[in-house]
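# Structural description and commentary
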Amino acid sequence: FSSIHYLLRRLRWVWFCTVSVAIALMVGITVYRGETNWYAINFLSVAIAISTYPQNLLRTATLAQLRGIRTLADKRLWVKFPSVIDALARLSIITLILEADTPLSIENLTAAGIKWHGLIRASETDAKALGKTLGIEVGSYFDMPIEMIRAWQVDYKSRRAVVATIGKDPEDIPLLQQADVGICVRTCVQEVQDIAGLILPGEYFHYISVAIAEGRGVFDRIQRLVLLMTTNTAASILLVLA
């Protein structure tokens, strides 16, 4: 499920309320001026409703997400669902399950509003010590990691955080399911690939920033579309009232 579709459904409800107020205002103005041509009044009411209705808004948003999926596929990044594009656009935390052979060439995404978190199969003391060395928050894999991810999702700057988890072993599947976006590489076993929403061509984490950039680009295009349609709606209503 994509949250952008939920917001667009709410936008249609806002449209319904706005158009209802505009039609009521138009009827009130015409009655106040003593005009009783109800045929013309009804015609203008229907004209307002039809000309300002946000047609195919959900379909257009989905097509924009599918276009983003195709763009990432050309770059060898596999996205399973359109909702993953939306989640990548709003990503705020990336959880990396640290192994002995995990490459630590991670990009600093603080300027983009994204924090790195880590999980390590060691004690909490060792996890904190590693976190100080890496400069990121690291927790113990054995200390209820699912609850830890759930806490990150709920308590982040007074809003729900969107969390991505990078895993590669079958025992990481519950963590990938709990996260908003499960990420793995193409060399993982099929069980993990079936759960993940984003599959990278290799263990190079700069691919993630490429996916985030594309997700934010799709979200920006949808926002521009909504702004254009909102402006057209306001202009149509003002013209009819004038």
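Each remark here, short or long, concerns the structure printed above.
Residues numbered from 1 in each chain as written. Predicted model: local features only at pLDDT ≥ 70, side-chain atom pairs only at ≥ 80, totals over all residues. Heavy atoms only, no water.

Scanning the chain from N- to C-terminus turns up nine helices and seven strands. Computed over its C-alpha atoms, the radius of gyration of the chain comes to 24 Å, more than 25% above the 18 Å expected for a compact globule of 242 residues. Considering the chain as a whole, with its 242 residues, one finds that 41% of them fall into the buried category. The contacts of the chain with a sequence gap of at least 6 include a subset with a gap of at least 24, amounting to 55%. Within the chain, one finds 24 positive and 21 negative side-chain charges whose respective centroids are separated by 11 Å. (Helix = DSSP H or I, 4+ residues; strand = E, 2+ residues; numbered from the N terminus. Rg over C-alpha atoms; globule rule 2.2 N^0.38 Å. Buried < 20%, exposed > 50% of the residue type's maximum accessible area, 1.4 Å probe, protein only. Contact = heavy atoms within 4.5 Å. Lys, Arg positive; Asp, Glu negative; His and termini not counted. Charge placed at Lys NZ, Arg CZ, Asp CG, Glu CD.)

It is worth spelling out the layout of surface pockets at this point. Each pocket or cavity is described by its volume, and for the largest pocket that value is around 270 Å³. Around the largest pocket sit 16 residues that line it, and Trp 15, Thr 52, Met 229, Thr 230 and Thr 233 are the ones nearest its centre. Those elements that place two or more of their residues in the lining of the largest pocket are helix H1 (3–32), helix H2 (38–52) and helix H9 (206–241). Per-element tally for the lining of the largest pocket: the top contributor is H9, with seven residues. When the residues that make up the lining of the largest pocket are grouped by side-chain class, the tally is 10 nonpolar, six polar and no charged. Considering only enclosed or pocket space, the second largest pocket measures out at about 200 Å³ in volume. (1 Å grid on protein atoms, 1.4 Å probe; cavity = no way out; pocket = protein on both sides within 12 Å on 5 of 7 lines; lining within 4 Å. Points joined across faces, edges and corners; volume = space filled by probe spheres on them. Nonpolar A, V, L, I, M, F, W, Y, C, P; charged D, E, K, R; others polar.)

Next up on the list: the nonpolar core. Counting 49 residues, the largest nonpolar core has Ile 94, Trp 116, Leu 198 and Ile 208 as its most contacted members. A total of seven residues in this core trace back to one element, the largest contributor, which is H9. Ignoring anything within four residues of it in the chain, the contact list for Ile 208 reads Ile 94, Trp 116, Ile 166, Ile 183 and Leu 200. Judged by nonpolar contacts, the second largest core, of 10 residues, contains Ile 93, Met 148, Ala 161 and Val 163. (Core = buried A, V, L, I, M, F, W, Y, C linked by side-chain atoms within 4.5 Å.)

As a further point, take H2. The end-to-end C-alpha separation of H2 is 21 Å, in line with the 21 Å expected for 15 residues at 1.5 Å each. Along H2, the residues classified as buried are Ile 41, Ser 45, Ile 48 and Thr 52. Angular distribution of buried residues about the axis of H2 spans 70 degrees; they occupy a single face of the element. In this structure, H2 carries Tyr 39, Phe 43 and Ile 50 as exposed residues pointing more than 90 degrees from its buried face. (Expected span 1.5 Å × (residues − 1). Arc of directions from axis to C-beta.)

As a further point, take empty space enclosed by the protein. Overall, the coordinates contain two cavities of 30 Å³ or more when judged by the stated rule. Taken as a whole, the largest cavity holds about 110 Å³ of empty space. Lining the largest cavity are 13 residues, with Ile 97, Ile 166, Gly 167, Lys 168 and Glu 203 sitting closest to its centre. Put simply, the parts of the chain that give the lining of the largest cavity at least two residues each are strand E2 (91–98) and strand E6 (181–185). Lining the second largest cavity are Ile 4, Gln 65, Ile 85, Asp 86, Gly 215, Val 218, Phe 219 and Ile 222. Of all the elements in the fold, those that place two or more residues in the lining of the second largest cavity are helix H4 (82–89) and H9. Counted by class, the lining of the second largest cavity contains five nonpolar, two polar and one charged residues.

Any functional reading would require information that these geometric values do not contain.
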